[in-house]
Amino acid sequence: MTDKGQILVVDDNLDLREALSDYLGRAGFEVLCAENGGVMWQLLNDHHPDLIILDIMMPGEDGLSACKRLSRESNTPILMLTALGDADDRISGLDSGADDYLAKPFNPRELVARINAILRRTQKLPQIEALAGKTVRFAHLELDYDGRNLKDADGRRTQLTYGELKLLSLLLERPRMVLSRDELLEMSTGRTAGPLDRTIDNQISRLRRKIEQDVLRPSIIATVRHGGYSLSCDVEVLS
């Protein structure tokens with residue numbers, strides 16, 4: 001593998017795959033290519049790329065579905081390719097767990113710049129390891145950190161995605177502290193929020209559906225007006 005890392009390009013357009021493979025290779029990356037989601041998953045059985053370039057519009061499993069599944073099963077950064085810069089595609093991609101997006105057609109130099117920026121951000125992110133190997137009790141729940149598994153007081157279990165675990169961990173490590181949306185986004189993804197960025201709001205909403213007993217009246221993650229979000233309960237690390 002080259003020093004710059006390995007990139008997996010997933011796109012059904014053969015000409016684009018070949019062009020990206022050539023350009024990224026000359027930029028110093030090792031490149032793997034897949035024409036659809038099925039081939040991508042096969043490659044991921046044997047390879048651990050540093051970043052995945054994922055086209056939204058593909059036959060079979062589309063890019064958004066693949067992105068959601070990748071976000072559940074790994075923490076590999078994802079750069080989405082969208083058609084014509086469609087705003088809905090960009091928002092859906094970010095909500096699905098993508099780290100960035102680029103509209104077709106694009107300048108290959110911009111693609112490399114965005115790849116490098118994503119890799120710099122993700123490599124510099126603080127590793128959330130304080131809870132690694134621990135079981136954490138909060139409110140009516142116990143979190144098995146390594147298993148990404150929540151157990152409620154009745155013994156029911158819920159699986160968290162990597163993104164949900166990262167966001168919840170940030171709150172668990174700072175109970176009763178107000179964290180702004182910008183802080184949560186930067187700490188969890190390394191990305192700076194735009195003026196209309198609702199990534200954190202959407203992630204908090206999905207997380208609440210898994211941890212709150214009443215999502216309409218949340219008691220664990222509080223919304224602080226003009227502030228952000230706060231974990232509203234004590235945290236006990238059991239082991």
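Computed from a prediction, not measured in an experiment: that's the story for all the values here.

Caption draft 1: Structural detail: the sheet that holds strand β9 (residues 157–159). The strand order across the open sheet built from five strands is β9-β8-β7-β6-β12, with neighbouring strands paired in antiparallel fashion. Each of the sheet's edge strands pairs with one partner strand only, and the pair in question is β9 and β12 (235–237). Adjacent strand axes in the sheet meet at a mean angle of 20 degrees when their direction is disregarded. Looking at chain direction, strand β6 (residues 135–138) and strand β7 (residues 141–144) are connected through four bridges and run antiparallel. In the sheet register, Arg137 faces β7, and the bridge partner there is Glu142.

Caption draft 2: Quick peek at the nonpolar core. Within the largest apolar cluster, 27 residues are counted, with the highest numbers of intra-cluster contacts made by Phe138, Leu143 and Ile221. Those elements giving two or more residues to this core turn out to be β6, β7, α6 (162–172), α7 (181–189), α8 (199–211) and β11 (228–231). Sort the elements by how many residues they give to this core and α6 lands first, with six residues. Setting aside anything within four residues of it in sequence, one finds Phe138 in contact with Leu143, Leu150, Leu168, Leu172, Ile220, Cys233, Asp234 and Val235.

Caption draft 3: Spatial organisation of the pairing of strand β10 (residues 221–224). The pairing of β10 with β11 spans four bridges and is antiparallel. If you follow Ala222 over to β11, its bridge partner there is Ser230. Taken together, β10 and the strand that follows it, β11, pair antiparallel across an intervening segment of three residues, in which His226 is found at a positive phi of about 65 degrees.

Cut-offs and rules
Residues numbered from 1 in each chain as written. Predicted model: local features only at pLDDT ≥ 70, side-chain atom pairs only at ≥ 80, totals over all residues. Heavy atoms only, no water. Pairing = 2+ DSSP bridges. Helix = DSSP H or I, 4+ residues; strand = E, 2+ residues; numbered from the N terminus. Axes fitted to C-alpha atoms, helices over the stretch in contact; angles between N-to-C directions. Core = buried A, V, L, I, M, F, W, Y, C linked by side-chain atoms within 4.5 Å. Buried < 20%, exposed > 50% of the residue type's maximum accessible area, 1.4 Å probe, protein only. Contact = heavy atoms within 4.5 Å.

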